[in-house]
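Chain by chain, the residues:
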Amino acid sequence: MFTKGLYLPDNYHSALNLIETEIAIKFVKDHFEHELAKELYLTRVSAPLFVLESSGYNDDLNGVERPASFPVKDLNDTKALVVHSLAKWKRAALKDYGFAPNTGLYTDMNAIRGDEEMDNTHSIYVDQWDWEKIIRPEERNIAKLKNIVERIYKVLRNMEKEVLERFPVLGDAILPENITFIHAEELLQRYPNDTPKMRENKIAEEYGAVFIIGIGNKLSNDEAHDSRAPDYDDWTTVADNNLPGLNGDIILYYPVLKCALEVSSMGIRVNEDALERQLTITNTTDRKRFTWHQRLLGGELPQTIGGGIGQSRICMFFLRKAHVGEVQSSIWSEEMRGACKAAGVQLL
């Protein structure tokens, strides 16, 4: 049943009650971050909840979202921004903390995204594992990107097995053995009359798990599959089959909602050339005045690959929940709460 952006499955009933759900959330988060760190050689670090606006460290996401902000009294009311994500901060931290090639960091990132349109999978509260690791300049290629994606997917598959062993009431595994790679342009050619979201749903249902490459650059229809800020992922370098993009999204098919579920956005990050190119394309060359951009253009920051993995999203997936509000405490409209309650969906 659909109701104003919500999809409420018929005869839905959570296999876990509220207390069991909280126990399961803790199990998923503890085990997943441990296995992710082990697989990618990551060290957990502390991270900021907010940064100064003048630093340029905040992530602009699609470039239109407004960050939550506040004046800092002891800094003469200088404006601070609640982070959207830590895409830039992580790269600077790798340099400042002295990480070596093939090692990296991860952190618990909490964000407020007040412009988010709330539905089954979107909340104004975002919790994710932000991770970043150093690569060598010669590893800035599609093979490296695919290797890291496959290793993250390995963690996801193993996590599903562990969850179902611990909570067998959740049923059977649904993730396929392998993840399928497809470029956003190839996906467009496959489904030329569909919207990007419709294309994602179709390809995810067909393969179960896909990684869509090249998100941010305009495709042959003069539209991007989705928007990306110009200063973290490299979405313009020609990388494979003469198509641009060293980034993408991990998308899983989710039978509970009968749709594609994005669980991670990630990519090889911009080098100096890609940053210059993408700032020009997006008409945002004024960002060069920021501290972070000056450090990168000056050759101070390492070459990296990184991304975010949604904590609530994967909890929702592994625990077979119909709404992200079943695995995180956030703010929802009374109308949404009422519709969910009537459909047997218990929001925290």
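Just above sits the structure.
These notes cover the structure that comes with them. In this text, all values refer to a predicted model and were calculated from it rather than measured experimentally.

1. Considering the overall build of the protein
Helix and strand counts for the protein come out as nine helices and 15 strands. The C-alpha radius of gyration computed for the protein amounts to 20 Å, which stays within 12% of the reference 20 Å derived for 348 residues, consistent with globular compactness. Of the roughly 15600 Å² of accessible surface on the protein, a fraction of 49% belongs to carbon and sulfur atoms. Computed over 41 positive and 53 negative side-chain charges, the inter-centroid distance for the protein is 2 Å.

2. Details of the sheet that holds strand 6 (residues 78-82)
Judged by pairing direction, the sheet is antiparallel, and its three strands sit side by side in the order 4-6-5 without closing on themselves. Taken across any chain shown, the strands that pair with only one partner, and hence form the sheet edges, are strand 4 (50-52) and strand 5 (69-72). Taking each pair of neighbouring strands and ignoring which way they run, the sheet shows an average axis angle of 35 degrees. Bridge analysis of strand 4 against strand 6 gives three bridges, and the strand direction is antiparallel. Residue pairing in the sheet places Leu52 in a bridge with Ala80 of strand 6.

3. Things to note about the sheet that holds strand 9 (residues 180-183)
If you trace the eight strands from one edge of the open sheet to the other, you get 3-7-8-15-14-13-10-9, paired in mixed fashion. What marks the edges here is a single partner per strand, and that holds for strand 3 (42-44) and strand 9. The average angle at which neighbouring strand axes cross in this sheet is 30 degrees, direction not considered. Strand direction decides the pairing type here: strand 13 (residues 247-254) and strand 14 (residues 259-268), joined by eight bridges, are antiparallel. Bridge pairing in strand 14 links Leu252 to Leu261.

4. Regarding the pattern of salt bridges
All told, the structure shown has 26 salt bridges when counted by the stated rule. Across the salt bridge formed by Glu132 and Lys90, the nearest N and O atoms sit 3.1 Å from each other. Of this pair, Glu132 sits in strand 8 (residues 125-134) while Lys90 is found in helix 2 (residues 87-97), placing the two residues 42 residues apart along the sequence. Residues joined by salt bridges that share partners form a network here, namely Lys90, Asp130, Glu132, Asp233 and Arg269.

5. Notes on the state of the cysteines
Counted according to the given criterion, the structure contains zero disulfides. Free cysteine: Cys259, not disulfide-bonded; nearest cysteine sulfur from Cys340 at 14 Å. No disulfide involves Cys315; its sulfur sits 17 Å from that of Cys259, the nearest cysteine. With a relative accessible area of 0%, Cys315 lands in the buried category.

6. What to know about the packing of aromatic side chains
Using the criterion set out here, one finds six aromatic pairs in the structure. Measuring from ring centre to ring centre gives 5.9 Å for Phe27 and Phe167, while their planes differ by 80 degrees; the resulting arrangement is edge-to-face. One end of the pair, Phe27, is in helix 1 (residues 18-40); the other, Phe167, is in the loop between helix 3 (142-166) and strand 9, with 140 residues separating them in the sequence. Like Phe27, the residue Phe167 is buried in the burial classification. The structure contains a cluster of three or more aromatic residues connected by ring pairs, namely Tyr254, Phe317 and Phe318. Stacked on the ring of Phe181, the Lys or Arg Lys146 has its end atom at 5.4 Å from the ring centre.

7. Here we look at the nonpolar core
In this structure, Trp131, Ile152, Leu156, Ile250 and Met266 are the most contacted members of the largest nonpolar core, which totals 64 residues. Residue contributions to this core peak at eleven residues, all from helix 3. Aside from chain neighbours lying at most four places away, what touches Leu156 is Phe32, Leu175, Ile250, Val263, Ile314 and Phe318. Grouped together as the second largest cluster of nonpolar side chains are 22 residues, Val45, Trp89, Leu94 and Leu275 included.

8. Let's talk about helix 3
Its 25 residues place the ends of helix 3 36 Å apart at the C-alpha level, agreeing with the 36 Å of an ideal helix rising 1.5 Å per residue. A distance of 3.2 Å separates the backbone nitrogen of Ala143 from a side-chain oxygen at the start of helix 3, and that oxygen is part of Asn141.

Reading the values: the criteria
Residues numbered from 1 in each chain as written. Predicted model: local features only at pLDDT ≥ 70, side-chain atom pairs only at ≥ 80, totals over all residues. Heavy atoms only, no water. Helix = DSSP H or I, 4+ residues; strand = E, 2+ residues; numbered from the N terminus. Rg over C-alpha atoms; globule rule 2.2 N^0.38 Å. Areas by Shrake-Rupley, 256 points an atom, 1.4 Å probe, with all protein chains shown as cover. Lys, Arg positive; Asp, Glu negative; His and termini not counted. Charge placed at Lys NZ, Arg CZ, Asp CG, Glu CD. Pairing = 2+ DSSP bridges. Axes fitted to C-alpha atoms, helices over the stretch in contact; angles between N-to-C directions. Salt bridge = Lys/Arg side-chain N within 4 Å of Asp/Glu carboxyl O. Disulfide = S-S within 2.5 Å. Buried < 20%, exposed > 50% of the residue type's maximum accessible area, 1.4 Å probe, protein only. Phe/Tyr/Trp six-rings, centres within 6.5 Å; stacked < 30°, edge-to-face > 60°. Lys NZ or Arg CZ within 6 Å of the ring centre and 35° of its normal. Core = buried A, V, L, I, M, F, W, Y, C linked by side-chain atoms within 4.5 Å. Contact = heavy atoms within 4.5 Å. Expected span 1.5 Å × (residues − 1). Polar contact = N/O pair within 3.5 Å; in protein donor to acceptor, adjacent residues only side chain to side chain.

All we've got here are geometric facts, nothing functional implied.
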